[in-house]
Amino acid sequence: ALRSTAEEVKRTFSLLKTELHQDNILFVFLIGHGSFDGREAKFNLVGPDLPASEYDTLLSSLPTRRIVVINMASASGEFAKSLSAKGRIVITATHNGQETNATHFPGFFIDALNATDADTDQDGHVSVLEAFVYANRLTAEFYTRAGRLATEHALLEDNGDGVGHERV
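Notes on the structure in this doc start here. The residue count restarts for each chain, going from 1 along the sequence in the order it is written. Reporting in this predicted model follows two pLDDT cut-offs: at least 70 for local features of residues, and 80 or more for side-chain atom pairs to be given and counted; totals over whole chains, interfaces and linings ignore these cut-offs and use all residues. With hydrogens and water stripped out, all remaining heavy atoms of the structure feed into the side-chain values.

## Quick look at the environment of I91
Then step 1. Positionally, I91 belongs in strand β6 (residues 88-92).
Then step 2. Judged by its relative accessible area of 0%, I91 falls in the buried class.
Then step 3. For the pair I91 and I70, spaced 21 residues apart in sequence, the C-alpha to C-alpha distance is 4.7 Å.
Then step 4. Residues count as neighbours in contact if any of their non-hydrogen atoms are within 4.5 Å of one another. Apart from residues lying up to four places away in sequence, I91 is in contact with V69, I70, N71, F105, F109, V128, F132, L155 and L156. Helix and strand assignments follow DSSP, with helices taken as H or I runs no shorter than four residues and strands as E runs no shorter than two, numbered in order from the N terminus. Note on classification: 1.4 Å probe, protein chains only; a residue is buried when its accessible area is under 20% of the maximum for its type, exposed when over 50%, partly exposed between these limits.

What follows is the structure, given as structure tokens:
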């Protein structure tokens, strides 16, 4: 079984570099935990973690320029700044590195991919935007129903300016 290590992530990107073409679309899902030390955001792996800047380097080395990164980890909001680029969509479960609690957004986002009510334009497909809006709404409803203060606020960054938005 493969382990989620920095070396394995780098090896996977090396493979992608040879297998992807310019017209491909790559989806990268990061599900787990993240951290932010005030300077650098990281996605937690077995052993040393990779910072967002390293993921940016790995993504930039690929031949495809259409990439969707969905970082569902705690403290993931900082990735929106680091991974922002033309042709990329970056979704994060939190709006900054200080939101460090476990996130509920991932489950709702994954549910959205098969939810007929997430397909708001009724075209038979759930777009990335529709999944984001659906998951964001259900995440907010989860906290409201539980009577809890929301500890995560998902962002979507899709124009390369490094600024993610909760509402689109």
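## Some thoughts on helix α1 (residues 6-19)
Then step 1. Between its terminal C-alpha atoms α1 stretches 20 Å, which fits the 20 Å expected from 14 residues at 1.5 Å a residue.
Then step 2. Those residues of α1 that sit buried are A6, E8, V9, F13 and L16. Buried positions in α1, seen along its axis, are confined to an arc of 160 degrees and lie on one side of it. Turned more than 90 degrees off the buried face of α1, the exposed positions are E7 and T18.
Then step 3. Here the buried face of α1 lies against β1 (25-30), β4 (50-51) and α2 (52-60). To estimate the expected span of a helix, count its residues, drop one, and scale the result by 1.5 Å. Each C-beta atom gives one direction from the helix axis, and the arc is the one those directions make.

## Focus: the layout of surface pockets
Then step 1. Only protein atoms enter the 1 Å grid used here. Points where a 1.4 Å probe fits but cannot escape make up a cavity, open sets with protein on both sides within 12 Å along at least five of seven lines make up a pocket, and a residue lines them when an atom lies within 4 Å of a point. Grid points are joined across faces, edges and corners, and a volume is the space filled by probe spheres set on the points. For the largest pocket, the calculated volume is near 310 Å³.
Then step 2. If you go around the largest pocket, you meet 15 residues; those closest to its centre are S4, V9, T12, F29 and L30.
Then step 3. With five residues, the single largest contributor to the lining of the largest pocket is α1.
Then step 4. Nonpolar residues are Ala, Val, Leu, Ile, Met, Phe, Trp, Tyr, Cys and Pro. Charged residues are Asp, Glu, Lys and Arg, and all others, Gly as well, are polar. Residue composition of the lining of the largest pocket, grouped by class: eleven nonpolar, two polar and two charged.

## Things to note about the sheet that holds strand β7 (residues 155-157)
Then step 1. One open sheet holds the four strands; their spatial order is β1-β5-β6-β7, and the pairing between them is mixed. On the outer flanks of this sheet lie β1 and β7, each paired with one strand and no other. On average, each strand axis in the sheet is tilted by 10 degrees relative to the strand beside it, whichever way the strands run.
Then step 2. DSSP bridges decide pairing: two strands pair if at least two such bridges lie between them. Pairing of strand β5 (residues 66-71) with β6 involves five bridges; the strand directions are parallel. Throughout, an axis means a line fitted to C-alpha atoms (over the contacting stretch in the case of helices), and angles, computed between N-to-C directions, take values from 0 to 180 degrees.

## What about the environment of A150?
Then step 1. Along the chain, A150 falls in the loop between α5 (128-146) and β7.
Then step 2. A150 sits in the partly exposed class, given a relative accessible area of 27%.
Then step 3. Distance in space between the C-alpha atoms of A150 and V126 is 26 Å, their sequence separation being 24 residues.

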